Amino acid sequence: MSALSNLHDHDALNALDGAHHWHPFTDTKALGEGGGVRVITRADGVELWDAKGQTYIDGMSGLWCVNVGYGRKELADAAYSQMLELPYYNTFFKTATPPAIHLAARISDLLPERFNRVFFVNSGSEANDTIARLVRHYWALEGEPDRRIIIGRENGYHGSTLAASSMGGMSPMHDQAGLLDGFEHIMQPYWFGEGRDMDPAAFGKKAARALDEKITELGAENVAAFIGEPVQGAGGVIIPPETYWPEINRICKKHGILLIADEVICGFGRTGTWFGFEQFGIEPDLIPMAKGITSGYLPLGAVAVSDRVAKPVFDKGGEFVHGFTYSGHPAAAAVALANLDIIERENLVARVADDIGPYFAERLATLGDHPIVGEVRSIGLLGAIELVADRKTLERFDKKLGAGSVCRDHCMDLGLVMRACGETMVLAPPFIVSRGQVDEIVKLAGSALDRTAADLDG
Ligand code: PXG
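Residues numbered from 1 in each chain as written. Predicted model: local features only at pLDDT ≥ 70, side-chain atom pairs only at ≥ 80, totals over all residues. Heavy atoms only, no water.

*Asks:* Mind showing me how you'd approach the overall build of the protein here?
*Replies:* Counting secondary structure elements, the protein contains 17 helices and 15 strands. Taken over C-alpha atoms, the radius of gyration comes to 22 Å for the protein, in line with the 23 Å a tight globule of 458 residues would show. Counting only C-alpha atoms and orienting by the principal axes, one finds that the protein spans roughly 65 × 60 × 45 Å. The buried share of the protein, reckoned over its 458 residues, is 54%. Expressed as a percentage of contacts within the protein between residues at least 6 apart in sequence, the contacts between residues at least 24 apart total 70%. Taking the 42 positively charged and 61 negatively charged side chains of the protein as two groups, their mean positions are separated by 2 Å. (Helix = DSSP H or I, 4+ residues; strand = E, 2+ residues; numbered from the N terminus. Rg over C-alpha atoms; globule rule 2.2 N^0.38 Å. Buried < 20%, exposed > 50% of the residue type's maximum accessible area, 1.4 Å probe, protein only. Contact = heavy atoms within 4.5 Å. Lys, Arg positive; Asp, Glu negative; His and termini not counted. Charge placed at Lys NZ, Arg CZ, Asp CG, Glu CD.)

*Asks:* Mind showing me how you'd approach the site of the ligand here?
*Replies:* Surveying the vicinity of the ligand reveals 16 residues, the closest of which are Trp64, Gly124, Ser125, Asp262 and Arg419. In the environment of the ligand, a nitrogen atom lies 2.7 Å from a nitrogen or oxygen atom belonging to the side chain of Asp262. Bound to the protein, the ligand loses 84% of the 540 Å² it would expose on its own. With 3 residues, helix H6 (residues 124-141) is the largest single contributor of residues to the shell around the ligand. (Near = heavy atom within 4 Å. Polar contact = N/O pair within 3.5 Å; in protein donor to acceptor, adjacent residues only side chain to side chain. Areas by Shrake-Rupley, 256 points an atom, 1.4 Å probe, with all protein chains shown as cover.)

*Asks:* How should I be thinking about the packing of helix H10 (residues 200-218) against helix H11 (residues 244-255) in this particular structure?
*Replies:* Pairs of packed helices are described in terms of their axes, by the angle between the two and the distance that separates them. Between H10 and H11, the shortest axis-to-axis distance is 8 Å and the interhelical angle comes to 15°. Here H10 is positioned roughly parallel relative to H11, judged by the angle of their axes. Relative to H11, H10 is oriented so that their crossing is right-handed. Every residue of H11 that contacts H10 at Gly204, Lys205, Ala207, Ala208, Arg209, Leu211, Asp212 and Ile215 is listed here: Tyr244, Glu247, Ile248, Ile251, Cys252, Lys254 and His255. Classifying every residue of the contact of H10 with H11 by side-chain character gives 8 nonpolar, 2 polar and 5 charged. (Axes fitted to C-alpha atoms, helices over the stretch in contact; angles between N-to-C directions. Parallel < 35°, antiparallel > 145°, perpendicular 65-115°, else oblique. Left-handed = near helix turned anticlockwise from the far one by under 90°. Nonpolar A, V, L, I, M, F, W, Y, C, P; charged D, E, K, R; others polar.)

*Asks:* Is there a simple way to explain the pairing of strand E7 (residues 223-228) in this structure?
*Replies:* In regular strands, side chains alternate between the two faces of the sheet. Most of E7 is tucked away, with 6 of its 6 residues classed as buried. Of the strand pairs in this sheet, strand E5 (residues 149-153) and E7 are connected by 3 bridges, and their pairing is parallel. Of the residues in E7, the one forming a bridge with Ile150 is Ala225. One ladder, built from 4 bridges, connects E7 with strand E8 (residues 258-261); its direction is parallel. From the neighbouring strand, Ala225 faces E8, where its bridge partner is Leu258. Note that the unit made of E7, H11 and E8 has a crossover that is right-handed. (Pairing = 2+ DSSP bridges. Right-handed = clockwise from strand over helix to strand, strands pointing away.)

*Asks:* In this structure, what is going on with the packing of helix H15 (residues 348-365) against helix H17 (residues 435-456)? I would like to understand it.
*Replies:* Direction vectors running N to C along H15 and H17 enclose 25°, while the axes themselves pass 10 Å from each other. With respect to H17, the element H15 is oriented roughly parallel. Relative to H17, H15 is oriented so that their crossing is right-handed. Of H17, the residues touching H15 (which contributes Asp355, Ile356, Tyr359, Phe360, Arg363 and Leu364) are Arg435, Val438, Asp439 and Val442. The residue makeup of the contact of H15 with H17, split by class, is 6 nonpolar, no polar and 4 charged.

Here it is in structure tokens:
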């Protein structure tokens, strides 16, 4: 068989994959002993095809990123034209390219007036690494070089580089690779998981006040910034109580510390506003973004910087000794501009807020009656289903049973991509998902729950 005819052959690809391809966040031994990988070969709209010919509804927009859906010719055309015109040039050493310049201006226009500077990177992790360096540089310029600590949250996710994973609160990552000095964590505002003995509003305040306690413990003079996702994504679509963010805002202001709203998942319309911070009344100083900026068609990330942080750096001068070969990559920036055109032209943010988001919420809520479901929640096109062994007591399944993985595998077999974050099933479909496709997602999720319940019964 020629190499070309092997291109979509499931078995041949699996043999090669098993021999050479090392997958991220994967138990490679278990993968080798299991049935191998599903090789995704093609996609259109909200649908995926694999090398065996099975189709799936992509309830996760890839990894929370393909917001405008697959098969958008104009994004491919934007990359193609830009690659012919100028495939690469850097933004170091007093040079720039038109797409990078336009995109910086366009992102500034989407944000409140105090955001006028955009630093480009290639991923969410790099955005957060950039922020870790920038906030320390900022405080040194402000004459407070001891303000170096960044406080994040348990079960927060900010990326996989050492600085980004240290900002995050994923303990398996810390256990394996260590936690850098200068990163601290407070509790997460996860009412279903950690606060059910209180009413949500009181719990939200309690979770926020953990920040005040931590700052007091560390000494405000040592704290640079607090980082949080408006809605935690990888942690399990954790939507904080309404009381949470206003209190976090107040505490950050009181101690003068910078507030970072990680919009890598929430940004560009996912929650029904252009950015998640708008909905929760968060007043950030720095905004890392990635994923939805190009709808995942090419890698790109950015850090939007408020005047407060940018001013001393620009006014006092001196080099911010940081950057990447591909910062502001022209093809990625051209795709981002075309992606923003689509979101605006098709009114996709309003669609998520007023049309498909509410429909998704209504349909998803019907799964709340299922015998192994403890809670269903959603915001915009982010949804979560909490798996429980007992609906009355909300007791979880025995961890050893791996209820989330069982449910996820059933979803995949049924043709639905739904992700498991521990015992929380999560959904983040593309913004173009139709009502019929939402119905199908909910129907398949329901079947997967039935099968999971049958598997784990007794
Ligand atoms: N911040 C947030 C809020 C994220 O969700 C990152 C930063 C890092 O972005 P990069 O582009 O470096 O991956 C993320 C990424 C999952 C999953 O399984 C989630 C992410 C990435 C990979 C897997 O839920 N989020």
